[in-house]
Structure formats: C-alpha cells, structure tokens
Amino acid sequence: MKFPTGPYVGSTAALATMHKKELAIAVPFAAALGVSLRVTGDVDTDGLGTFAGEVERAGTPRDVAVRKARMGMKAAGLELGVANEGTFGAHPYMPFSAVDHELIVFVDDSRGIVITESVLWPQTNSATIAVSPIDELDVFLGRALFPSHAVIVRPNDRIESSSIQKGICDLSLLRKSVSEAAASSADGLARLETDMRASFNPTRMGVIRRVAFRLARRLATACPGCSAPGWGRIRVEDGLPCSLCGTPTEMARGEVLGCLACDREEFRPRADGMIHADPRHCQVCNP
Ligand SMILES: [Zn+2]
Ligand SMILES: [Zn+2]
C-alpha cells in the first residue's frame, strides 16, 4: 500500500458521532490521508435530527453535517473536523427502489475550507411498513436484513421519543414491541422500520466507508495551481451533443475539477469516452 501523502499527514481531526462511525471513517482517513480521528461521543448529534423522526432535521444534510463537525471540533479543541449525514429516499431514476445518499464533510479552520463528498448508493435495506400483531413479518424482515440489521418499532399513529423502541435485533423482543405499540395506537397498528443508525446497520456502515475513502483521497490531492488540498470535482457539465443534429442534451458532457482555495478549474471529458448522446435524449429529435 502507498504511504499517505499531503498536508494532513500526522494531524488529528474531530469526529462527532454517537453511532460508532469511526468504524467506517478511521481506516480511510489513516490510509489515504495519514489523519487520525478523535471521537467525541458525548456530543449530542441526535439533537440535529434523527431517522425515526422524533427530532426533525433542520436545514440541508450539508448544513447539518457541518454543524456536527463543528460541535466535535469545539468539544475536542481541534481545527479539523469530519462528520457524516445520511438520507434515505426514493432513487431519482429507479422508481420503487430506495437509495442511500451519504454525505461527508471535512472542515479545516486553519485553512478556512469546507469540503464535501457524497455518494448515491442503491443498496440499502431502508423500508417501513404498518403491521398488526398477527401479521406475518418474514418477508419484511428478510428484506430488512434482520437480525444482522436492527429495526425500530413505534405506534403507527404517532412519533414521540417515549414510545419508540430502537435497535431491536431479537425476534421475541420484536414481537413483544409490535404488540405493545399496536395496542397503544388508535388504529391498532404498529409501525415497523429499519434502523438506519450506522452502528445498527452494517450495509450503511459500508457506504459511509466508501464515501470516507472518496473524501480522504480528495483531501490528499493538491491543487495544481496553488497546492491547496482538496482538488477534485466541483460540478458536472451537461450538454453532450446529439449524435444526429448536434443539439446539446441534458446528458453530462464531462466534469469540472476545481480548487476551493483559488479559482483554478479544469474541464475533464466523460470517463466513458462518450462524445455524443443518443438522439432519444434530444429535445429536437425526440421532443
Ligand atoms: Zn488552488
Ligand atoms: Zn438531435
């Protein structure tokens, strides 16, 4: 393995997490960047929003991640901080399939930079269902990857922290929780959900590790102009021309690499070598 290089070798970054995210982030940061993490587990990151919904998330995932990173930096007294924020929802192009959008930020107050990386990952067990105590749960639990992945149970008619049971990975406890939640819900149903907290969800932990590697590699890449860390993709440029009439389409033409410290930018054509779009993506040929 290559030794880590770059301006961060030997430094320490704060990681605010209540859910053992160091298991996913420590190795990428050590291997690609030479940075060790100081975990600040006593920082209440759940106060910024939870998956179960009893605390609503305020602001964009990026805002929340930056706030988390700063909470950790403050608690640890460090100028570097890292934080992750995940969102689960419908895939933008594949209906009926869930997607895991993991975002990770690195805040460097000594250089005044904030760098974000993210991945959209189609492998997630994220799901929710309303059940009665006599319902067959096998199909749902199979897709939820239970019991290696935990589930959450609450009454179907309300979301309040006192009635949510999280981190369930035992079948008899699950059945008991479903009965109790259903009995206390006005409609007689329990809401069963996958527990998306990283420490209860190995699939998600793997996606966080992936995005952490992407961020660490980027931080190890210096700007060719001013040699600040974090050179990488800053946007995608669309307008790939139609192969029939040449009209720019909404398909990506390539990406722009950029620096966060100076205004240097470089255009890089598509990695797959495609230089024309199929006419079915064209507004003129296929309106
Ligand atoms: Zn630069
Ligand atoms: Zn065309």
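First, a word on what this report is: a plain description of the structure on this page. Every residue gets a number counted from 1 within its own chain, in the order that chain's sequence is written. Note on labels: chains are lettered from A, ligands numbered from 1, in written order. Where totals are concerned, whole chains, interfaces and linings use all residues; where local detail is concerned, this predicted model gives features only for residues with pLDDT of at least 70, and gives and counts side-chain atom pairs only at 80 or more. As a convention, hydrogens and water are excluded, and side-chain values are obtained from all of the structure's heavy atoms.

## Focus on the overall build of the chain
- By definition, any uninterrupted DSSP run of H or I lasting at least four residues is a helix, any uninterrupted run of E lasting at least two residues is a strand, and each is numbered from the N terminus. Each helix and strand in the chain was counted, giving five helices and twelve strands.
- By principal-axis analysis of the C-alpha atoms, the chain measures approximately 65 × 55 × 35 Å.
- Each residue is placed in one exposure class: buried if its accessible area under a 1.4 Å probe, protein chains only, is under 20% of its type's maximum, exposed if it is over 50%, and partly exposed if it falls in between. Counting across all 287 residues of the chain, residues that qualify as buried make up 43%.
- The criterion used for residue contact is that any of the two residues' heavy atoms lie within 4.5 Å. For the chain, contacts bridging at least 24 residues in sequence account for 62% of all contacts bridging at least 6.
- Here the chain displays about 14,600 Å² of accessible surface, and carbon together with sulfur accounts for 54% of that area.
- The average position of the 32 basic charges and that of the 33 acidic charges among the side chains of the chain differ by 5 Å. In these tables, accessible area is a Shrake-Rupley quantity obtained with a 1.4 Å probe, and a residue counts as shielded only by the protein chains included in the view. None of His or the chain ends enter the tally, which takes Lys and Arg as positive and Asp and Glu as negative. The location of each charge is read from NZ of Lys, CZ of Arg, CG of Asp or CD of Glu.

## As for the sheet that holds strand β9 (residues 190-194)
- Taking strand neighbours across the sheet as the criterion, the four strands line up as β6-β9-β7-β8 in an open arrangement whose pairing is antiparallel. Every other strand in the sheet has two partners, leaving β6 (128-131) and β8 (165-168) as the edge strands with one partner each. Going across the sheet, the axis of each strand differs from the next one's by a mean of 25°, ignoring polarity.
- One ladder, built from two bridges, connects strand β7 (residues 151-155) with β8; its direction is antiparallel. Among the inter-strand pairings, valine 153 is bridged to a residue of β8, identified as glutamine 165.
- An axis is simply a line fitted to the C-alpha atoms; with a helix, the fit covers only the stretch in contact. Between two such axes, the angle follows the N-to-C directions and lies from 0 to 180 degrees. Sheet contacts for helix α4 (residues 171-183): β6, β7, β8 and β9; angle to β7, the most-contacted strand, approximately 20°. Two strands are counted as paired when DSSP detects at least two bridges linking them.

## A look at the coordination of the zinc ion (ligand 1)
- The rule for donors is simple: an N, O or S atom within 2.8 Å of the metal counts, and for Na, K and Ca the reach is 3.2 Å. Water is not among the atoms, so a site may look short of donors. On the protein side, the zinc ion (ligand 1) has Cys223 (SG), Cys226 (SG), Cys259 (SG) and Cys262 (SG) as donor atoms, found 2.3 to 2.4 Å from it.
- Geometry is assigned from donor-metal-donor angles: four donors are tetrahedral when every angle falls between 85 and 135 degrees, four are square planar and six octahedral when opposite donors sit over 155 degrees apart with all other angles between 65 and 115, and any other arrangement is irregular. Coordination at the zinc ion (ligand 1) comes from four donor atoms whose angles at the metal span 103 to 115°, giving a geometry best classed as tetrahedral.
- When the donor residues of the zinc ion (ligand 1) are listed from N- to C-terminus, their spacing reads C-x2-C-x32-C-x2-C.
- When its relative accessible area of 9% is taken as the criterion, cysteine 259 is described as buried.

## Some words on the sheet that holds strand β10 (residues 232-238)
- In spatial order, the strands read β10-β11-β12; together these three strands make up an open sheet with antiparallel pairing. In the strand order of this sheet, the two ends are held by β10 and β12 (265-269), each with one partner. When the angles between neighbouring strand axes are averaged without regard to direction, this sheet yields 30°.

## Some points on the environment of alanine 30
- On the secondary structure map, alanine 30 appears in helix α1 (residues 22-33).
- With 183 residues separating them along the chain, alanine 30 and phenylalanine 213 place their C-alpha atoms 9.9 Å apart.
- With residues up to four places along the chain from it excluded, the contact list for alanine 30 reads Pro4 and Val35.

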